[in-house]
Amino acid sequence: MYRNLLLALTIASLFLVSPGHAQQKFSSITGPLDVKPVQSGAQVNVPFITWGGDAATFFANGGLDTTPDSIYGKSGLKLKLTPGDDFVQQVKDYMGGKSPFLRGTFRMLGQASEVIGKDPRTKPVVILQLSWSAGDHIVSREGFKTLNDLKREGKKVRIACQQGGPHVGLLYDALAAAQLTNKDVEIVFVEDLTGANGAAEKFRKDSTIDACCVITPDMIGLTGGVDSAGTGAEGTVEGAHVLVSTQNMSRSIADVYAVRSDWYNAHKDEVEKFVAGYLKATVEVKKMRDDFEKTQRMSPEYRKLLTTCQKIFGEEVLPTLEVDAHGLLLDCNFVGLPGQIAFFKQSGNLSGFDAKMKAALDLATNWGYAGARMGFDPVNFDYKKVASSAGVPYAEPQKIVKGESLTEFPGDDLDTGTIVSFTISFEPNQTDFSVDRYGAEFDRALQSASTFGGAAVVIRGHSDPTKTLVQLIKAGLEKGVIRRTGQQGNYRYFINTKQGTQELDLSQTGAMVELIKSGAFEGAADSPLQTMQAALNLSQARAEQVKQAIINYAEQRDINVNLSQLQPLGAGISDPVISKPSNMAEAKQNMRVEFRIVKVNPEELSETDFDF
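What you see is a predicted model, and the numbers here were worked out from it, not measured in a lab.

A. Main features of the overall build of the protein chain. For the protein chain, the count of helices and strands is 22 helices and 20 strands. Projected onto its principal axes, the C-alpha positions of the protein chain cover 95 × 50 × 50 Å. Buried positions account for 55% of the 612 residues belonging to the protein chain. Nonlocal contacts in the protein chain, meaning residues at least 24 apart in sequence, comprise 76% of its contacts between residues at least 6 apart. Surface exposure of the protein chain reaches about 26700 Å², of which carbon and sulfur atoms provide 49%. Across the protein chain, the centroid of the 64 positively charged side chains sits 3 Å from that of the 73 negatively charged ones.

Now the structure itself:
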């Protein structure tokens, strides 16, 4: 419960923007700002926000003011950590020279890009990625199963979202995954992230709002839990459920530090010490956190850190150390040194600096926060040197990540776990998947795998059922189990059962599959069971061939891919688009591979998951 409260308090104050229901340029929110030199003094002001990632900054600094025996103190830095939950005020202080640092998300930098990037002195240099967000959600009413359902004919889906807040980026990515934009839906901007003027309350009180972007506590208040649906009791909304979450869309919101260009150029050594010290602190903080989680015995050093967090954030936010303060750090996924290398240096990283900057500027300009594209610079560190300074091992992150993966899902029922889906069609028995024809689809699959880092990309092959149905009829007629009446083009079929003669409905695919599996038609010259199995094998092979084509495509273009996320799966004839095709054109619609982003993370499986 603490984490919910903490997150609400944190993010609610993080984006203090002017209320309004229309899109606002960020410059209109801040008002006119003059650029002034960064103030000189004994200490450098560095903003922090109320978040677990900043605990490592406190640890490195020894508190709000650098202590001599701290990591930063020993490296010669003198910092004064200051509250930065008001991002607009951060921007004002940054432009006015009170601090050379900005602390926020990459999309926040994007929304402010025109303000902070107009003058070369204040153009941001992004120096550190702290973590990825995992506590934001889009909740929808009953009837919305996947992100594809956000586009409907005749009436735009209405989505409540805080103006200028972190969920604008989440919504942008969610719509993009379904190949939609803000023009395909109606975004209803609300004043606050949470509370009486937040998106959750708007959703609760206004039945015309179809979905809302919310933080974890509001999500629980509306639905009862991430895997639950609201019942209407205890403040929940009947049928409300999580449509998508950053638990699955785990590489949507990047948490970063940036500094002014003029200050960076004059203080590169200090910036490098700042980053190295943070990375060193991250390793030590993670070890203390994990040791306590494992042993439930709190070391004096960890107790001291949690007490520091409690004093800085306030006891109203962190009333206990063991549950609340420790929970704050459990919610934080530090990316560490490998994350820095992957984010800033690794080419082909679809969730790296270049990709995220493009997405941030696309959002800023397309949605009206900025009138021009004014990007940022990435820091250009020698990470071997940074690793040496930090005293942490250096290792290049993998580009092609191999790992154990599932080849099938329990019951193969993907419907309830599907977040978004799209389809590509093939010719009969096609095994060649040319880049010229399918490159766009492969790009989309790879981008999905990157953005939805906590989900599986199921590549589900399908086969046409026509041949199997023909074999079923032939075998049934040969064995005298099926009787046919009518004329060509208008046949009717009847089957003998224990309950008497019943008309056979060939369009009921599920019933036909069960009938074939019963073995009632085996022994005839034609075996529908063998034909159906051959169709299943073909669909599995087709899915695996598509997966390999995507891998080849990624390797040729130096694109990162996590192989454990790509799950080929054969569905055979079980789920046709047209259950009883009447011509080749209709049959070809069934010869397809469907991509589904599914709420399954094979890496999080435990032994108990197999107890079914």
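The structure having been displayed, the exposition proceeds.
B. Structural detail: helix α16 (residues 353-366). For α16, which comprises 14 residues, the first-to-last C-alpha distance of 19 Å matches the rise-based estimate of 20 Å (1.5 Å per residue) to within 8%. Burial in α16 covers these residues: Phe353, Lys356, Met357, Ala359, Ala360, Leu361, Asp362, Leu363 and Ala364. Contacts made by the buried residues of α16 are with α6 (106-111), α7 (113-117), β4 (124-132), α8 (167-177), α15 (336-345) and β11 (377-378).

C. Main features of the side chain of Lys547. One can find Lys547 in helix α21 (residues 528-556). The side chain of Lys547 is buried and forms no salt bridge, while Glu544, the nearest opposite charge, is found at 7.9 Å. In this structure, Lys547 is in contact with Ile459, Leu563, Leu566 and Pro568, ignoring residues within four places of it in sequence.

D. Spotlight on the environment of Thr320. For Thr320, the location among the structural elements is in the loop between α13 (300-313) and α14 (321-330). Remark: the alpha-carbon pair of Thr320 and Glu201, spanning 119 residues in sequence, is separated by 29 Å. If sequence neighbours within four positions are ignored, Thr320 has contacts with Gln310 and Ala325.

E. Layout of the sheet that holds strand β15 (residues 482-485). A sheet is described by the order of its strands in space; here three strands give the open sequence β15-β16-β17, paired in antiparallel fashion. In this open sheet, the two strands that pair with only one neighbour each are β15 and β17 (500-503). Each neighbouring strand pair of the sheet contributes to a mean axis angle of 30°, computed without reference to strand direction. When β15 meets strand β16 (residues 492-497), the two strands line up antiparallel, connected through four bridges. In the strand pairing of β16, Thr485 is matched with Arg492. Sheet strands touched by helix α19 (residues 466-479): β15 and β16. Its angle to β15, the strand with the most contacts, is close to 105°.

F. Spotlight on the packing of aromatic side chains. Overall, the coordinates contain 23 aromatic pairs when judged by the stated rule. An aromatic cluster is built from Phe106, Trp132, Phe343, Phe344, Phe353 and Phe376, whose rings are joined through pairwise contacts. We note Arg103 situated over the ring of Tyr257; from NZ or CZ to the ring centre the distance is 5.5 Å.

G. Structural detail: the environment of Asn265. Mapped onto the secondary structure, Asn265 falls in helix α11 (residues 261-266). Along the sequence, Asn265 and Ile516 sit 251 residues apart, while their C-alpha atoms lie 73 Å from each other.

H. A look at the pairing of strand β13 (residues 418-425). Counting buried residues in β13 gives six out of eight residues, a clear majority hidden from the surface. By the bridge criterion, seven bridges tie β13 to strand β20 (residues 592-598) in an arrangement that is antiparallel. Residue pairing across strands places Ile424 opposite Val593, the latter belonging to β20.

I. Just the side chain of Thr418, in detail. For Thr418, the location among the structural elements is in strand β13. Residue class for Thr418 comes out buried when judged on its relative accessible area of 4%. A distance of 3.3 Å separates polar atoms of two side chains, one belonging to Thr418 and the other to Arg596. Ignoring anything within four residues of it in the chain, the contact list for Thr418 reads Lys145, Thr146, Arg596, Ile597 and Val598.

J. Focus on unusual backbone geometry. For Gln179, which is not a glycine, the phi torsion comes out positive at approximately 55°. Turning to its location among the elements, Gln179 is positioned in the loop between α8 and β7 (186-190). Unusually for a residue other than glycine, Asp558 sits at a positive phi of about 60°. Looking at the element boundaries, Asp558 is found in the loop between α21 and β18 (561-562).

Rules and cut-offs
- Residues numbered from 1 in each chain as written.
- Predicted model: local features only at pLDDT ≥ 70, side-chain atom pairs only at ≥ 80, totals over all residues.
- Heavy atoms only, no water.
- Helix = DSSP H or I, 4+ residues; strand = E, 2+ residues; numbered from the N terminus.
- Buried < 20%, exposed > 50% of the residue type's maximum accessible area, 1.4 Å probe, protein only.
- Contact = heavy atoms within 4.5 Å.
- Areas by Shrake-Rupley, 256 points an atom, 1.4 Å probe, with all protein chains shown as cover.
- Lys, Arg positive; Asp, Glu negative; His and termini not counted.
- Charge placed at Lys NZ, Arg CZ, Asp CG, Glu CD.
- Expected span 1.5 Å × (residues − 1).
- Salt bridge = Lys/Arg side-chain N within 4 Å of Asp/Glu carboxyl O.
- Pairing = 2+ DSSP bridges.
- Axes fitted to C-alpha atoms, helices over the stretch in contact; angles between N-to-C directions.
- Phe/Tyr/Trp six-rings, centres within 6.5 Å; stacked < 30°, edge-to-face > 60°.
- Lys NZ or Arg CZ within 6 Å of the ring centre and 35° of its normal.
- Polar contact = N/O pair within 3.5 Å; in protein donor to acceptor, adjacent residues only side chain to side chain.

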